[in-house]
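Geometric and topological summary
Each chain, letter by letter, is given below.
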Amino acid sequence: MIAPFTGAELACIPAGQECDAAAAVAAARAAQPGWAALPLAERGRVFLRFHDLLLDRQGEVLDLIQQETGKARRHAFEEILDTAVVARYYARHSARLLRRRRRKGALPLLTKTWELRAPVGVAGVIVPWNFPLNLAITDAIPALMAGNTAVLKPDPQTSLTALWALDLLREAGLPADVMAVITGEGPLLGPALGARVDYLMFTGSARVGRMVARQAADRLIGCSLELGGKNPMVVLADAVLEDAVDGAIRGCFAGAGQVCISMERIYVADAIFRPFLARFVERARNLKLGAAMDYSVEMGSLTNARQLATVEDHVNDAVAKGALVQTGGRRRPDLGPLFYEPTILTGVREGMKLYAEETFGPVVSVYSIATEEEALRLANDTPYGLNASVWTRDTRRGARFAARIRAGSVNVNEAYAAAWGSVDSPVGGMKESGLRPRHGAEGILRFTESQTVAVQRLIPIAPSHGISAGAFARVMTVLLRLLRYIRILG
Ligand code: NAD
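Note that the structure is predicted; figures quoted are calculated from it, not measured.

Right, let's get into the nonpolar core. Formed by 64 residues in total, the largest nonpolar core has its most connected members in Phe47, Ile137, Leu174 and Met179. Among the elements that take part in this core, helix α4 (residues 73-98) stands out by supplying 9 residues, more than any other.

Here is the structure:
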């Protein structure tokens, strides 16, 4: 494992084998009934303690996240924030979200029906390297709160953070075997996990997501897929310019753009295109880059050489085909082997890789648009549908516009933090950006199976007590007609 800031070896991580995945799942399976039998409040207390420990010991994991990913500390802190918020939310609200609910019975008054939620068993959680703490832990938390056990497979690049988080969960009271971390290569351990668990929670690329979905389909188990995006930001003519520029800086360059919900396309109303671009370029040019382990730096490094190669390839391809680099477009080896400048391009057109493919780096294309309808059409002109952002003084109009963008989350006057941080509401991908979102009720219900328990009283739902089949049919016909009009019963 290489440290992105320096290129030096950071640590050696055990290369787990199929037998390790099998052992971890078997242990998790054995631990599951005991864990599920604990009262929900007791499970919740583990995650509230974890919340407190995380805030107390954040310095340790911020160091690890920075060393493993190369991101600036301010961006690493977003992971602390998110993990704490999700831990508190599911610790407090799982009982409500999972409680058994009375449902209307088959026959009014005679059938008493409840909907129950049962854990699926063992959840497999496969995560990428860009958010090594929060992606690893915030999906595991609802899985565990629902009474499942979990086996987590982090990316090899960021296993130290995942192992640290597991230690902290155990310190917070999570019993041994309720959750395990297996380290090693994805193409080996991912399928090994997928062959054994009862649910697959995958975050990563659409390419691997499809493989995971195929394996889940073969085994007829459920899966969640949180995949990539080519996220649009729309700046309407009445936007507050400085706020929009500020949002674009955060939205494009947080985590050096290696954020699934970061902005890669900005559509700006003609009327303010020039001042927006000038100010955005000026701000991006002056961002402070570096490898400092404190809050002084505004953008860190890319995480791996593959990502740097993709960024260069996309920018070079666009430039060769006529796009203009307004700022950036260069590596910064003086800062570290994987640094790349915040980069803004104009003149990006269809046929350039940058136009439609996810870059996943500090690179954004800015376009001027004549009308809102054009902005909407272009924002939606993508197979992805992960996140989007709209800027306007008229927030009602902004919210209406937002609802017409086909993306799982749309932020008005914010790039991503508003929707992502609203953890009571689901976030995920539309179209090729994913299946079955995280957060909110859906974020925990996906780790359960629904069960209907119905108690029939006094008479069966069939001809009986000497009533002929014909009479039964007539009585039922009358009943159905009544139910059509008596809303309270039907
Ligand atoms: P990736 O798909 O290559 O890897 C993700 C995880 O899958 C890693 O742990 C990897 O080891 C594992 N893996 C590799 N091969 C596997 C296989 N055959 N079976 C099962 N697992 C396997 O992802 P990446 O390119 O490293 O990560 C970046 C991508 O993740 C981007 O596309 C980004 O948009 C996406 N992402 C999405 C979200 C979201 O919430 N929607 C969040 C973060 C990142």
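A few words on the sheet that holds strand β3 (residues 122-126). The strand order β5-β4-β3-β6-β7-β15 describes an open sheet built from 6 strands, whose pairing is mixed. At either end of the open sheet lies a strand with only one pairing partner, and these are β5 (179-181) and β15 (434-435). In this sheet, strand β6 (residues 199-203) lies alongside β3 in parallel orientation, the contact comprising 4 bridges. Bridge pairing in β6 places Gly124 opposite Leu200. Strand contacts of helix α7 (residues 159-171): β4 (149-153) and β5, with the helix running at about 155° to β5, the strand carrying the most contacts.

A few words on helix α8 (residues 186-194). Among all positions of α8, only Leu189, Gly190, Ala192, Leu193 and Gly194 are buried. In the core, the buried residues of α8 are packed alongside α1 (18-37), β3, β4, β6 and α9 (206-219).

Overall, mixed pairing links the 7 strands, which are arranged β10-β11-β12-β9-β8-β13-β14 in an open sheet. The open sheet terminates on both sides in strands that have one partner only, identified here as β10 (324-327) and β14 (409-412). Strand-to-strand twist of the sheet, defined as the mean angle between neighbouring strand axes without regard to direction, takes the value 25°. Relative to strand β11 (residues 343-346), β10 runs antiparallel, the two sharing 3 bridges. Its bridge partner lying in β11, Leu324 is registered against Thr346. Sitting on the sheet, helix α14 (residues 372-379) is in contact with β8 (231-235), β9 (263-269) and β12 (363-369), with an inclination near 165° to β9.

Another point: the layout of surface pockets. Taken as a whole, the second largest pocket holds about 280 Å³ of empty space. Secondary structure elements with two or more residues in the lining of the second largest pocket: α4, α5 (134-138) and α16 (417-421). At 4 residues, α4 tops the list of elements feeding residues into the lining of the second largest pocket. Of the residues belonging to the lining of the second largest pocket, the class tally is 10 nonpolar, 2 polar and 2 charged. Shared between two domains, the lining of the second largest pocket holds at least three residues of each, these being domain 1 (18-227 + 438-449) and domain 2 (231-422).

What follows is about the pairing of β3. Of all 5 residues that make up β3, 5 are buried, and the element is covered over most of its length. Residues Val122, Gly124 and Ile126 point to one face of β3 and Ala123 and Val125 to the other, with burial holding for every one of them.

What follows is about the pattern of salt bridges. One pass over the full model with this rule turns up 29 salt bridges. The partner of Glu18 in a salt bridge is Arg196, with the nearest N and O atoms 3.1 Å apart. Residue Glu18 is found in helix α1, and its partner Arg196 is found in the loop between α8 and β6; the two are separated by 178 residues along the sequence. A relative accessible area of 41% places Glu18 in the partly exposed class. Put simply, Lys71 and Glu79 hold a salt bridge, and the shortest N to O gap is 2.8 Å. By relative accessible area, which is 4% here, Lys71 ends up buried. For Glu79, a relative accessible area of 0% gives the class buried. Each member of the salt-bridge network shares a partner with another, and the members are Glu242, Asp246, Arg250, Arg279, Glu282, Arg283 and Glu414.

Criteria and cut-off values
- Residues numbered from 1 in each chain as written.
- Predicted model: local features only at pLDDT ≥ 70, side-chain atom pairs only at ≥ 80, totals over all residues.
- Heavy atoms only, no water.
- Core = buried A, V, L, I, M, F, W, Y, C linked by side-chain atoms within 4.5 Å.
- Buried < 20%, exposed > 50% of the residue type's maximum accessible area, 1.4 Å probe, protein only.
- Helix = DSSP H or I, 4+ residues; strand = E, 2+ residues; numbered from the N terminus.
- Pairing = 2+ DSSP bridges.
- Contact = heavy atoms within 4.5 Å.
- Axes fitted to C-alpha atoms, helices over the stretch in contact; angles between N-to-C directions.
- 1 Å grid on protein atoms, 1.4 Å probe; cavity = no way out; pocket = protein on both sides within 12 Å on 5 of 7 lines; lining within 4 Å.
- Points joined across faces, edges and corners; volume = space filled by probe spheres on them.
- Nonpolar A, V, L, I, M, F, W, Y, C, P; charged D, E, K, R; others polar.
- Domains from an automatic or database assignment.
- Salt bridge = Lys/Arg side-chain N within 4 Å of Asp/Glu carboxyl O.

Note that all results are geometric; they support no functional claim without further evidence.
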